[in-house]
Amino acid sequence: MNIDISDLVENPTPRTPIALVLDTSGSMEGEPIKELNEGVKVFIDEIRNDEYARYSAEICIVTFGKVVTLVQDFATVDRIPYPSFKAGGSTPMGAAVLEATNRLENRKSYYKEFGIDYHRPWMVLMTDGKPTDSIDEAVRRTQEMILNKKLEVFPIAVGSEADMNTLEKFANPKRRPLKLKGLCFKEFFAWLSKSVAQISKSSPGDRIKLDLEGIKGWAELE
């Protein structure tokens, strides 16, 4: 996939990069994949409707179901079509996370080349199962980026079969993975879009407080 850098020239707004790393394996077939599709549409629509986030947020979408697929490289939402995910195959989570972090590092090099400031990137990792490949290198790289304050990771479990132990390995030690309440994908992505909008209105480096009350709308909390 060729990278369109014209927006980096035309739009100097500080960027908010968000990588969505989404499980589309066979166990997501049926209502889960349908609701995931609807949730990502909500996310894109909400970002488009925010006067700040639409110019700041850059979205990358990587799916893992049998194979790792780069559905969308980093771009602002006016350049992103609605994706249509289909479920099938195994769960190559480790390779998907590495793909996302590679794309992120590549995008950051473009930011630096064109003198564009950016907020700390976010990665959302959603799965309803356990990886079928090695995650060792992906965990090592993710934790290194978290430690160096180069990445915020939000591991989200879907359903009762999601492997929380695996998600713990990708999580910030100060923030545990969360479990989606039922199939509340739309509620999660609405919350995510509001969080991204909040970041977009801030200056890079500012401390951002997450909407903890909003989390109750989509997460199972103890």
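Every value quoted in this text rests on a predicted model; they were computed, and no experiment measured them. (Residues numbered from 1 in each chain as written. Predicted model: local features only at pLDDT ≥ 70, side-chain atom pairs only at ≥ 80, totals over all residues. Heavy atoms only, no water.)

1. A word on the nonpolar core
So, step 1. Residues L20, L36, M126, F188, F189 and L192 are the most contacted members of the largest nonpolar core, which totals 37 residues.
So, step 2. Listing elements by their share of this core, those giving two or more residues are strand 1 (16-23), helix 2 (31-48), strand 2 (57-65), strand 4 (122-127), strand 5 (152-157) and helix 7 (185-200).
So, step 3. The greatest single-element share of this core, amounting to eight residues, is contributed by helix 7.
So, step 4. Excluding residues that lie within four positions of it along the chain, F189 makes contacts with L20, L36, G39, V40, F43 and M126.
So, step 5. Core analysis: the next-biggest nonpolar cluster, separate from the first, contains 25 residues, V21, M93, A96 and A138 among them. (Core = buried A, V, L, I, M, F, W, Y, C linked by side-chain atoms within 4.5 Å. Buried < 20%, exposed > 50% of the residue type's maximum accessible area, 1.4 Å probe, protein only. Helix = DSSP H or I, 4+ residues; strand = E, 2+ residues; numbered from the N terminus. Contact = heavy atoms within 4.5 Å.)

2. Brief notes about helix 2
So, step 1. Helix length check: helix 2, at 18 residues, gives a terminal C-alpha distance of 26 Å against a target of 26 Å (1.5 Å per residue), a fit within 8%.
So, step 2. Tucked inside the fold, the buried residues of helix 2 contact strand 1, helix 3 (53-56), strand 2, strand 4 and helix 7. (Expected span 1.5 Å × (residues − 1).)

3. Section: the packing of aromatic side chains
So, step 1. Inspection of the entire model under this criterion finds eight aromatic pairs.
So, step 2. Considering the side-chain rings of F43 and F189, the 5.9 Å spacing of their centres and the 50° angle between planes classify their relative orientation as tilted. Separated by 146 residues along the polypeptide, F43 in helix 2 and F189 in helix 7 bring together distant segments of the chain. The same class applies to F43 as to F189, namely buried.
So, step 3. Arranged with centres 6.3 Å apart and planes meeting at 70°, the rings of F154 and W191 form a pair that is edge-to-face. Within this pair, whereas F154 is found in strand 5, its partner W191 is found in helix 7, the two being separated by 37 residues in sequence.
So, step 4. Given a relative accessible area of 5%, W191 falls into the buried group.
So, step 5. A network of ring pairs unites the aromatic residues F43, W122, F154, F188, F189, W191 and W218 as a single cluster.
So, step 6. Positioned over the ring face of Y82 is K41, at 5.8 Å from the centre of the ring.
So, step 7. A cation over a ring is seen here: R48 above Y82, with NZ or CZ 5.3 Å from the ring centre. (Phe/Tyr/Trp six-rings, centres within 6.5 Å; stacked < 30°, edge-to-face > 60°. Lys NZ or Arg CZ within 6 Å of the ring centre and 35° of its normal.)

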